[in-house]
Each structure stands twice: as structure tokens, then as C-alpha cells.
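The residues making up each chain are set out below.
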Amino acid sequence: MLSPTSREILDNLQATRPYLDFGQVIDVKEFDPSATSIGSSKRIILVSCYSPRRRIVSEEYRDFLLIIQNSYLLSFVSDIASLAIYHQSHRTPELPAERLRGGFSAIAKKFAAEHMESIASSKVSRTMFLEAVQHIESNTRYVHDVVGSESNLNEKLTVFLRYAISFIRFHEVGHLSDVDHVFRNMILPDVNQFIDAIADHEFDKYDETTLRRELLSDVFSLNTCFAKFCSILSEETLKNFSECMIDILTALNALYAASEDAYRLNVDEAFQGSEIAAEFRHWRYRREYLQNYITGFVFDDGTLRCRAEDDIGVLTEHPEIFQTLFNINKIVDPLTDHENRLAQIFEKYLNSEDVFTILMQDFRVTRLLSD
Ligand SMILES: [Zn+2]
């Protein structure tokens, strides 16, 4: 009997499990692990989609692993990277760092507002959304046009996004239980040593197990990305892109937790959602381990050799990205008094959930990202 195609597998999943909402499916294809050092007995199927409500990026089944490449989440990475790249090349006294921070904060606020709206529509999230889009439309929308039209900036963004997509994909592949035992045995003692040294009485057995599992996949993904990109990037750029990606991922997950917390504090105190302290602990430790791993990784003849130089270059605004995005108080604080006041006024007229849903969709710029 012929085994089903990846499209047939997806069709079958959608028919039998309607709760698996993939939004708009753009592409389905098989990922061939034999091209990499990954050994897997499972089929790996990549689904490219655009789904604002989907947070999970993989589903494991008995015979296959589904990796979901959600352009909605990748758009967040793309927006942050575009803004950082634009500012790096256009920095003048008229374009100070505050403008960059304001732009990052607006992207974070919009993301948080959309997540809060997906829980339930509220005055708080509608106001946050209206405030964020005013800022984005007038301050950062043109950035995408400039980055898209200047070839060196566009290339930098493209390579960074390819790195981002690869990192997320290899992280999920790394969760497959039959991936490379040699690698696991090699890296496990170091991960365990890090976890054992955590002196935090709130950090329990469950946290430990989760952190260990995620770190193993993260390191697997970093190593695979190093191998994939070392032929086109210098060590400096490759390490910088890796650090940026870890920071953006940490911030993205902190934003989910922070928006659920903001929802609980401002809208419904009975809302369960994620536990912000535990989420923050997890991501703080994860980031700390991975940043050290990246810094300490030695590229040489025994491991991997990077290009001596590249034309892509590092993202110099990297520290700003993390500091601003991780400053989660900002998601509820006004960006500017003016934008906040206008948002309050507009919200009075746009408080029907249906109208607001349409408005949110109209402000969405769908950038379909693929590698
Ligand atoms: Zn994971």
C-alpha cells in the first residue's frame, strides 16, 4: 500500500480534528532529515500557515511529526528584525534610539493586545490595539518598504529570517525522542550541571524536567543552525543572529505570559492562563544557558569552520531589542499621551466585537515567509 502524501495526512487531520486550527494553509511538504545529521524514524511534515490564534508549533503523532511554520509568529520576528536593521543603517541625530524603542514597544503592545482579544474582547485590549496601530502606521510602516527596496538591507533580513525559521524547525525536530543519542549524551552533563546550580526554591522538579527537555532541543537546534549557516556567515554574524533569535523567542514567550497576566489584572481576575512567575523563570534560565552556550562555542577544525567574513553583518541594535521587549510593563503603559487619548476616543465607537475583529484584520499585513 502506498503511504499517504503529506497533503493527505494534513487533510485527514483537519477532517478528524477540527480543533487543530491551522488558519490559512499555504503549503505542506515533507522535510527530508537525511540532508542533515538528524536521524529520525518518523516522517517530518512541514505545514506553512497563517494563524493568529495558533501558538503551538508542533504536534507529534505515532508515525509523524507535524511542524507548523506559522507566518503570524514569524511576522513578529520579521517586524522586530526589519526595524532593527532599518535603524542600524539610518541612525542619525533625528532618528534617536528612543524612536527604535518606541517602535519595538508598539509591536509588543499590538501582539499582546491581539493575544488578549483572542481570550475575550475587552476595553483594555481594544485600547491597547488602537494605540499600537497608530504608532506603527505613522512611525514604522515605511520601514518595511525601505528594507525591502535596499538590497543589502533586504538580504540581511532574508538571511536572518531563514535563520529564525531554521531555528524553530530544528528545535521541534530536536524533541523527537530518537534524534541523535550521541549528541544527547554529550550535552546532558553540562545541562544537568547548569540546572543543579540553580538556587531557587520556587524552581521545582516539574520546572527542572521541562527546562532540561527544552535546553536539549535548543542546543540541538543551535548546533544544526551553526552547521547550516557557517558556510555563508562569519562567526561574529552567526553568533549574533543566534543571540538575537534567542532574545526574540524569550521576549515572545514572555509577552504571551504578560498579556495573560494583564488580562487577569485588568479584565477578569478569575482567568487561569499561564503562570507568569513560572514562565519568566523558565525563559530567564533558558536564555542564560543558551547565551553562554553561544558565546562559549568554539568554531575550529574539530567542530565547524565559519566563513572568515561575510557581507551580511551583525544586528548592532541587538541589546535594545531584548531590553525593550522584555520590559513588559510597557504593554499596558501609554506609548504617548496623544496616541493613548485618541485610542480611548476611538474605542468608544469601535467596541462591538464584530467590528473590532474586522478592524484588526484590516491592520494585518500578511507577509508569507518561507525559506
Ligand atoms: Zn520545545
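Residues numbered from 1 in each chain as written. Predicted model: local features only at pLDDT ≥ 70, side-chain atom pairs only at ≥ 80, totals over all residues.

Novice: An account of the overall build of the protein is needed here, citing residue identities and associated values.
Specialist: Tallying secondary structure elements over the protein gives 13 helices and four strands in all. In terms of C-alpha radius of gyration, the protein reaches 21 Å, essentially the compact-globule figure of 21 Å for 371 residues. By principal-axis analysis of the C-alpha atoms, the protein measures approximately 60 × 55 × 50 Å. In the protein, of all internal contacts separated by at least 6 residues, the share reaching a separation of at least 24 is 73%. (Helix = DSSP H or I, 4+ residues; strand = E, 2+ residues; numbered from the N terminus. Rg over C-alpha atoms; globule rule 2.2 N^0.38 Å. Contact = placed C-beta atoms within 7 Å.)

Novice: Outline the packing of helix α8 (residues 205-229) against helix α10 (residues 276-296), supporting the account with residue identities and numerical values.
Specialist: One way to put it is that α8 packs onto α10 with a least axis distance of 10 Å and a crossing angle of 35°. The crossing of α8 and α10 is right-handed. Two secondary-structure elements touch here, α8 through Asp207, Thr210, Leu211, Glu214, Leu215, Asp218, Val219 and Leu222 and α10 through Ala278, Arg281, His282, Tyr285, Arg286, Tyr289, Leu290, Tyr293 and Ile294. Taken together, the residues of the contact of α8 with α10 sort by class into 10 nonpolar, two polar and five charged. (Axes fitted to C-alpha atoms, helices over the stretch in contact; angles between N-to-C directions. Left-handed = near helix turned anticlockwise from the far one by under 90°. Nonpolar A, V, L, I, M, F, W, Y, C, P; charged D, E, K, R; others polar.)

Novice: Give me the lowdown on the domain arrangement of the protein, citing residues and values where you can.
Specialist: When the domains of the protein are assigned, the result is domain 1 (6-72) and domain 2 (73-362). The C-alpha centroid of domain 2 is placed 22 Å from the C-alpha centroid of domain 1. (Domains from an automatic or database assignment.)

Novice: Which residues make up the environment of Leu342, and what are the values?
Specialist: Checked against the element boundaries, Leu342 lands in helix α12 (residues 337-349). Note: C-alpha distance between Leu342 and Leu315 (27 residues apart in sequence) is 34 Å.

Novice: Explain the environment of Phe280 to me, and be specific about the residues and the numbers.
Specialist: Tracing the chain through its elements places Phe280 in helix α10. The class for Phe280 is partly exposed, based on 19 C-beta atoms found within 10 Å. On a C-alpha basis, the gap between Phe280 and Leu249 in space is 12 Å, while along the polypeptide they are 31 residues apart. For Phe280, the residues in contact, after removing those within four places along its chain, are Ala254 and Ala257. (Buried ≥ 20, exposed ≤ 12 C-beta atoms within 10 Å, placed from the backbone.)

Novice: Break down the nonpolar core for me, with residues and values.
Specialist: Ranked by size, the top nonpolar core spans 90 residues in total, and within it Ile80, Ala112, Ala164 and Met245 carry the most contacts. No other element matches helix α9 (residues 235-266), which puts 14 residues into this core. Summarising the domain contributions, this core has at least three residues from each of domain 1 (6-72) and domain 2 (73-362). If near-sequence neighbours (up to four positions away) are discounted, Ala164 is found in contact with Leu74, Val77 and Met245. (Core = buried A, V, L, I, M, F, W, Y, C linked by C-beta atoms within 7 Å.)

Novice: Describe the pairing of strand β4 (residues 64-70), and please don't skip the residues or the numbers.
Specialist: With six of seven residues buried, β4 is to be regarded as a mostly interior element. In this sheet, β4 lies alongside strand β2 (residues 43-50) in parallel orientation, the contact comprising seven bridges. Bridged to Ile44 within β4 is Leu65. Summarising the sheet, strand β3 (residues 58-60) and β4 pair through three bridges and their orientation is antiparallel. (Pairing = 2+ DSSP bridges.)

Novice: Please give an account of the sheet that holds strand β1 (residues 24-31) that cites residues and values.
Specialist: The four strands lie next to each other as β1-β2-β4-β3, forming an open sheet whose pairing is mixed. Strand pairing shows two members of the sheet lacking a second neighbour, β1 and β3, which therefore form its edges. Taken pair by pair, the neighbouring strands of this sheet meet at an average axis angle of 20°, ignoring direction. In the sheet, β1 pairs with β2 via seven bridges, with the strands oriented antiparallel. Among the inter-strand pairings, Glu30 is bridged to a residue of β2, identified as Ile45. Against the sheet, helix α1 (residues 6-16) contacts β1, β2 and β4, and its axis sits at roughly 135° relative to β1.

Novice: Tell me about the packing of helix α3 (residues 97-119) against helix α11 (residues 318-325), residues and numbers included.
Specialist: Look at α3 against α11: their axes get within 9 Å of each other, and the N-to-C directions meet at 50°. One finds that α3 runs oblique with respect to α11. In the crossing of α3 with α11, the sense of the turn from one axis to the other is right-handed. In this structure, α3 uses Ala97, Leu100, Arg101, Phe104, Ser105 and Ala108 to contact α11, whose residues at the interface are Glu320, Ile321, Thr324 and Leu325. (Parallel < 35°, antiparallel > 145°, perpendicular 65-115°, else oblique.)

Novice: Break down the environment of Val298 for me, citing the residues and quoting the values.
Specialist: Within the secondary structure layout, Val298 lies in the loop between α10 and α11. Val298 gets classed as exposed once you count the C-beta atoms within 10 Å, which come to 8. Counting along the chain gives 58 residues from Val298 to Asn240, while the straight-line C-alpha distance between them is 14 Å.

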